Amino acid sequence: MGLFLFFLYGLLFADSCSNGLGACWQVFTLVLGLLGTVSLYLLRPWLKVREKILTLAVDLKLLDKMPKAKDLSLSETAESVVFTLSQLQDNIRSATDTMLDLQQSQTDLLESLPEPVMVLDADLYILRTNDSARTLFGETVVSKNLTAILRDPELLEACHNSLRKNDEESIEFKLSTPVEQVFQARIKPLPHRGFTVLNEHNKSALLLTLNDITAIVRSEQMRADFVANVSHEMRTPLASLIGFIETLLGPARNDMAAKENFLRIMEQQAKNMSRLVEDLLSLSRIEMREHTQPDDPVEVEALLNNIAVALQLQLKEKSMRLIIDCAEDLPPVRGTDDELMQVLANLVTNAIRYGRGGTPITLRARLAAENPPQFPHPEARAIAISVIDQGIGIAAHHIPRLTERFYRVDKARSREVGGTGLGLAIVKHIINRHRGALVIESTENVGSNFTVYIPAYEPEEFFAGT
Amino acid sequence: MSHPLSEKKQREILQLLAEMGGQVEAELSVALDALARRNDDAMERTLVADRKVDQIDRRINEICLDYAAHYQPSEQDLRGIFAFMKISLYLERIGDYAKNIAARSESLDYARMTSLISSLQRMGQLTLKSLSKVLNAAMDRDIKLAQKVWKADADIDALYNTLFADIMAGMGQRPMDVTNGMHLLFMARNMERIGDHISNIAEMLHYWITGTRFEDTRSVYDNTSSLTQPLISGAESANTNINDNPFAPNLPETQKAS
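In this text, all values refer to a predicted model and were calculated from it rather than measured experimentally.

A. Spatial organisation of the overall build of chain B. A count of helices and strands for chain B gives 8 helices and 0 strands. Written out in order from the N terminus, the α and β elements of chain B read α-α-α-α-α-α-α-α. Residue pairs in contact within chain B that sit at least 24 positions apart in sequence constitute 83% of those at least 6 positions apart. Total accessible area on chain B is roughly 12400 Å²; 51% of this is exposed by carbon and sulfur atoms.

B. Broad picture of the overall build of chain A. Looking only at helices and strands, one finds 13 helices and 12 strands in chain A. Here chain A holds 466 residues, and 41% of them are scored as buried. Once local pairs closer than 6 in sequence are excluded, the contacts in chain A between residues at least 24 apart make up 63%. Summed over all atoms, the accessible surface of chain A reaches about 27100 Å², with 58% contributed by carbon and sulfur.

C. Structural context of the pattern of salt bridges. For the structure shown, the criterion picks out 31 salt bridges over all chains. Arg-93 of chain A is the partner of Asp-90 of chain A in a salt bridge, and the nearest nitrogen-oxygen pair spans 3.7 Å. With Asp-90 of chain A and Arg-93 of chain A both in helix α3 (residues 74-112) and 3 residues apart, this pair spans about one turn of that helix. For Lys-174 of chain A, the salt bridge goes to Asp-33 of chain B, with nearest N and O atoms at 2.8 Å. Note that Lys-174 of chain A is positioned in strand β3 (residues 169-175) and Asp-33 of chain B in helix α1 (residues 4-35), a pairing that runs across two chains. Residue classification places Lys-174 of chain A among the partly exposed positions, given a relative accessible area of 36%.

D. Layout of helix α8 (residues 300-310) of chain A. Residues and elements named next belong to chain A. Where α8 is concerned, the buried positions are Val-300, Leu-303, Leu-304, Ile-307 and Ala-308. Down the axis, α8 shows its buried residues gathered within 135 degrees of arc, on one side only. More than 90 degrees from the buried face of α8, the exposed residues found are Val-309 and Ala-310.

E. Representation of the sheet that holds strand β5 (residues 204-212) of chain A. All names here are of chain A. Reading across from one edge, β2-β1-β5-β4-β3 is the order of the 5 strands in this open sheet, with antiparallel pairing throughout. Taken across any chain shown, the strands that pair with only one partner, and hence form the sheet edges, are β2 (126-129) and β3. On average, each strand axis in the sheet is tilted by 25 degrees relative to the strand beside it, whichever way the strands run. Inspection of the sheet shows β3 paired to strand β4 (residues 181-189) by 7 bridges, in the antiparallel sense. In the strand pairing of β4, Glu-169 is matched with Ile-187. Here helix α5 (residues 153-165) sits on the sheet in contact with β3, β4 and β5, set at roughly 160 degrees to β3.

F. Structural detail: the packing of aromatic side chains. Residues and elements named next belong to chain B. Per the stated rule, a full pass over the model turns up 8 aromatic pairs over all chains. A centroid spacing of 5.8 Å and a plane angle of 70 degrees characterise the contact between Tyr-160 and Phe-164, whose relative ring orientation is edge-to-face. With Tyr-160 and Phe-164 both in helix α5 (residues 143-173), this residue pair falls 4 residues apart, about one helical turn. Given the relative accessible area of 15%, Phe-164 is considered buried.

G. Up close: the nonpolar core. Core analysis: the biggest nonpolar cluster contains 69 residues, and Leu-17, Ile-60, Leu-91, Leu-120, Leu-131, Val-134 and Leu-184 of chain B have the highest contact counts within it. Secondary-structure elements contributing two or more residues to this core are α1, α2 (42-70), α3 (75-105), α4 (114-140), α5 and α6 (178-210) of chain B. Considering each element in turn, this core owes the most residues, 13 residues, to α1 of chain B. Formed by 48 residues, the second largest nonpolar core is a distinct cluster that contains Leu-311, Val-333, Ile-399 and Ile-440 of chain A.

H. Fine view of a nonpolar patch on the surface. Taken together, Leu-43, Trp-46, Leu-47 and Val-49 of chain A make up a surface patch of nonpolar side chains, about 310 Å² in accessible area. Owing to a relative accessible area of 37%, Trp-46 of chain A belongs among the partly exposed residues under this scheme.

I. Seen up close, the packing of α2 of chain B against α3 of chain B. All names here are of chain B. The geometry of α2 relative to α3 is characterised by a closest axis approach of 10 Å and an angle of 165 degrees between their N-to-C directions. With respect to each other, α2 and α3 are oriented roughly antiparallel. For α2 against α3, the interelement crossing comes out left-handed. Its residues assigned to classes, the contact of α2 with α3 comprises 15 nonpolar, 4 polar and 7 charged.

J. Quick peek at the interface of chain A and chain B. Contact with chain A, which involves 26 residues of that partner, is made by 28 residues of chain B. The junction of chain A with chain B conceals about 2500 Å² of combined surface from both sides, 50% of it contributed by carbon and sulfur atoms. When the buried area of chain A at its contact with chain B is split by residue, Arg-151, Ser-176 and Thr-177 of chain A rank highest and sum to 23% of it. A salt bridge links Glu-25 of chain B to Arg-151 of chain A, with the shortest nitrogen-to-oxygen separation between them at 3.0 Å. Taken together, the connections running from chain A to chain B amount to 8 residue pairs in polar contact (both at pLDDT 80 or more). Of all the elements, helix α11 (residues 411-416) of chain A adds the most residues to the side of chain A that touches chain B, at 3 residues. The class makeup of the residues in the side of chain A that touches chain B is 10 nonpolar, 8 polar and 8 charged.

K. Main features of the packing of α4 of chain B against α6 of chain B. Residues and elements named next belong to chain B. Running from N to C, α4 and α6 point in directions that differ by 15 degrees, and their axes come no closer than 10 Å. What the angle tells us is that α4 and α6 run roughly parallel. Here the hand of the crossing between α4 and α6 comes out left-handed. Along the contact surface, α4 presents Leu-116, Ile-117, Leu-120, Met-123, Gly-124, Thr-127, Ser-130, Leu-131, Val-134, Ala-137 and Ala-138, while α6 presents Leu-184, Met-187, Ala-188, Met-191, Glu-192, Ile-194, Gly-195, Ile-198, Ile-201, Ala-202 and Leu-205. Looking at the contact of α4 with α6, its residues break down into 17 nonpolar, 4 polar and 1 charged.

The rules behind each value
Residues numbered from 1 in each chain as written. Chains lettered and ligands numbered in written order. Predicted model: local features only at pLDDT ≥ 70, side-chain atom pairs only at ≥ 80, totals over all residues. Heavy atoms only, no water. Helix = DSSP H or I, 4+ residues; strand = E, 2+ residues; numbered from the N terminus. Contact = heavy atoms within 4.5 Å. Areas by Shrake-Rupley, 256 points an atom, 1.4 Å probe, with all protein chains shown as cover. Buried < 20%, exposed > 50% of the residue type's maximum accessible area, 1.4 Å probe, protein only. Salt bridge = Lys/Arg side-chain N within 4 Å of Asp/Glu carboxyl O. Arc of directions from axis to C-beta. Pairing = 2+ DSSP bridges. Axes fitted to C-alpha atoms, helices over the stretch in contact; angles between N-to-C directions. Phe/Tyr/Trp six-rings, centres within 6.5 Å; stacked < 30°, edge-to-face > 60°. Core = buried A, V, L, I, M, F, W, Y, C linked by side-chain atoms within 4.5 Å. Patch = residues over 30% accessible without salt bridge, like charges linked within 9 Å, V, L, I, M, F, W, Y side chains within 5 Å. Parallel < 35°, antiparallel > 145°, perpendicular 65-115°, else oblique. Left-handed = near helix turned anticlockwise from the far one by under 90°. Nonpolar A, V, L, I, M, F, W, Y, C, P; charged D, E, K, R; others polar. Buried area = accessible area lost by both parts, 1.4 Å probe. Polar contact = N/O pair within 3.5 Å; in protein donor to acceptor, adjacent residues only side chain to side chain.

The following block contains the structure:
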């Protein structure tokens, strides 16, 4: 507006001096006027831009309120543009950083889960795995198809069902390599595609989580097997008893010689069953206490002597003698004396039963030079008590299973000599309770050596508050 | 291998083979469970699986022949078609043998020859592991793994030879065990055949990818046809040497020497 007035004034002034100077002045004011309008014309959009930038800056909370457009000069406007744009860039950068952080913490969360987890796409290609999954299936499992590692038909069907019905599925399946394992798989559809962000082509579709239930299945199987075994063991002598009773009530009613004979056999069968029940109760009692370690001192030499006395009748029957070889000044062991007596009784009874008549059985007790690998506390001192016989020995492939309940190398012979099949299982559980170890060595036709390692009694452990 | 269609077709066929493989693995697993007496419905499950396996076998053959007829397959593609059809056949045979094992386990008397039955179970586990490995190798196109599986067939053959000899000896010692022994022999034979087909699959994989077969340097073969140990007559060994040899496995001294 001011420019216009100046322009008018200039024209008027120019008119008033109508000589050469006036003409110059006219041109001057004309040019000035023209320049003025042109620059105003050019400036207007620029002013509009400035206005917009300032509005944006206010929106982004970079300015408290919009300053009047004309208060800002051109350079100030330029500065404010630059400032706003750089703030914008910072905002974008920090948003991206936050997103990357989120994705990283998502990955961390996935990795930390103990169960194998995999993210699959709709064609069952593996997009993402966690550490547990890579440990189970190998490091290079990402981008393979699921069927390269898991092909159980029910599992694959469950995956397809889950995709189709958009619903969770759960299925149990077995894996045979690298070791036999049983898993519970949970399959969950992933609608949000959250696992595939930032440059990934395939869309995540399914989440597969595996739960290792091998131990549970095994333990169930073992329980079922045990019940079956016990029933079988009881049924045989019972059937025999019933048979003889029927015979005595019927055909052999008046046969005195038969009666005598049959009654003896029935007595034996009944005693067998009784022994079995005793052993089962023993086993049950020990298992209940197994978690509590004993804490009494037990003198080893006394133990060995007592066993010799307790079993002298059985030894005499087979003309076998017991050689006791106990080291001098042996520290006591940390244990429960009647349980340790049972261990030795079971081991020596086996030596008598399966040893050759007339041969000696050696009971040796020493401070263990080196603890066996399965001994729970490698650094603790242990006493090694060995029962060595010169019997027929045990084939190598039987040895790992010897302490299994009802495992016998020769079933017929074992029953004949009155064995229940539980002797070594009882030994194993008692030794477990004592936090010791059992080592079995044997050579066929030469003999066997059963050595139990039991922790020594260390009084300091009770006072130092270990 | 540059034809854009072949990669997709290959993937399709491999997926079908994976599905088929999964069914066969399941069949063998069911058969081994039956052998360990852990299921009652082995027969039905293997029959159902068998039908699916046959279906997929037919489909694979269709796709392969169709592809060969309508396109100009490259050399590797042609090898692939050939190999896939053979692998499909071998898988179908393995499924059949598994079905037979499942059926036969119903006739076993589990009270007799228990250690031989355990050995058979162990052989079965080894076979199942091998099958899974070779299928993993197929999906991964991993020829190194395929070669390992092919070599490991020697272990299965060795187990078979030992088992065969033991079963023969067991039958000789106790005539009552002959029926059981026969069933065990057939089952062991089935497992050995499964092992054979697994190594054939491994060889076909190698052939598809490299064009060459394996060098046959394996040293362990099925030697049971040359076993001439006469079976000991029942009369001689009826009163078994129980009192002298309580811990030895139930073999007379002479058998052990062989």
